[in-house]
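A closer look at the structure
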Amino acid sequence: MQVAYNGGMISIADRIEQVQARVALAAQRVDRSAESITIVAVSKTHSADAIRAAYAAGLRHFGENRSGEFEQKQAKLADLDGLQWHFIGHLQTRQSLPVAQHADQFHAVDRVKIARRLQRQLDQFGRNLPAYLEVNLSGETSKYGFACDQWETDTRQREHLLSAVATIADLPRIEMRGLMTMAPWGAADGVIRTVFRRTARLRDWLQEERPDLNWNALSMGMTDDFELAIEEGATHLRIGRAIFGERET
Ligand SMILES: *Cc1c(COP(=O)(O)O)cnc(C)c1O
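In the region of the ligand, the neighbouring residues are Val42, Lys44, Asn65, Ile88, Met182, Met222, Thr223, Arg238, Ile239, Gly240, Arg241 and Arg247. One of the side-chain N or O atoms of Lys44 is found 2.7 Å from an oxygen atom in the ligand. Arg238 places a side-chain nitrogen or oxygen 2.9 Å from a nitrogen atom of the ligand. Look at the ligand: alone it shows 390 Å² of surface, and the protein chains cover 93% of it. Its residues placed into classes, the shell around the ligand shows five nonpolar, three polar and four charged.

A few words on the side chain of Gln157. One can find Gln157 in helix α6 (residues 155-169). With relative accessibility at 12%, the residue Gln157 sits in the buried group. At 2.8 Å, the side chain of Gln157 and the backbone nitrogen of Gln150 are in polar contact. In this structure, Gln157 is in contact with Ala147, Cys148, Asp149, Gln150 and Trp151, ignoring residues within four places of it in sequence.

Another aspect to go through is the pattern of salt bridges. All chains considered together, the criterion is met by 17 salt bridges. Residue Arg52 pairs with Asp79 through a salt bridge whose shortest N-O separation is 3.0 Å. Of this pair, Arg52 sits in helix α2 (residues 48-56) while Asp79 sits in the loop between α3 (67-76) and β5 (84-87), and the two are 27 residues apart along the sequence. Since its relative accessible area comes to 48%, Asp79 is described here as partly exposed.

This part is about the pairing of strand β4 (residues 61-64). Of the strand pairs in this sheet, strand β3 (residues 38-42) and β4 are connected by two bridges, and their pairing is parallel. Its bridge partner being in β4, Ala41 is matched across the sheet by Phe62. As a crossover connection, the stretch from β3 through α2 into β4 is right-handed. Pairing between β4 and β5: four bridges, direction parallel. The partner of His61 across the bridge, within β5, is Gln84. Handedness of the crossover joining β4 and β5 through α3 is recorded here as right-handed.

Analysis parameters
Residues numbered from 1 in each chain as written. Predicted model: local features only at pLDDT ≥ 70, side-chain atom pairs only at ≥ 80, totals over all residues. Heavy atoms only, no water. Near = heavy atom within 4 Å. Polar contact = N/O pair within 3.5 Å; in protein donor to acceptor, adjacent residues only side chain to side chain. Areas by Shrake-Rupley, 256 points an atom, 1.4 Å probe, with all protein chains shown as cover. Nonpolar A, V, L, I, M, F, W, Y, C, P; charged D, E, K, R; others polar. Helix = DSSP H or I, 4+ residues; strand = E, 2+ residues; numbered from the N terminus. Buried < 20%, exposed > 50% of the residue type's maximum accessible area, 1.4 Å probe, protein only. Contact = heavy atoms within 4.5 Å. Salt bridge = Lys/Arg side-chain N within 4 Å of Asp/Glu carboxyl O. Pairing = 2+ DSSP bridges. Right-handed = clockwise from strand over helix to strand, strands pointing away.

Structure representation (structure tokens):
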């Protein structure tokens, strides 16, 4: 399958190869193994056929951010063995059912309420859901996630986060895996790097506060900043445009 790129056409398989090479190079720069980094191909707005092409090229992790779109695509692609669905965007409580039923990982626990809701629905399906707390380090009000823009100095932010963690830890079907964050839009590399670095430190702090939970995962880095994210410790990259081309919508 071909996608438009810089006025020309290039196959999804070629683009995946380019992304994998860039991931390997960035990992090498900081002495990390590329195997410790999972590429989540963000397929939102793209067709089931585009996902099949990426799957044929070897990718197994796909990310969606709209509940209805996710539900349709997972039904169309149920024949693909080993495909893992990551739900990566803000989830409204009334739209949580498809995520409880079909998602393999949920990157956007941005409030306690959505975790409680998913817990009840997961119980019905007898499923567990690996989950990441979404944290907002940039302070942008347009972003979701627990407010952590001042976490190093603001005791209340830390207490609020720990109290949410305590509640979520009591929901047996929500399996804590780590943190997810988004870099500020259009910021300079240095600013983005700082957000990623502070997120990694927040993870280290949570690891000390709640060593009973799993904080290994750091979901951060997208098309424009995934190399910085790798250098700062990302374990899961959420990459859309670099794999599937520009989105129509
Ligand atoms: C769309 C989206 C991405 C991927 O963005 P690209 O810039 O296309 O790589 C990553 N994370 C989230 C939460 C998204 O909504």
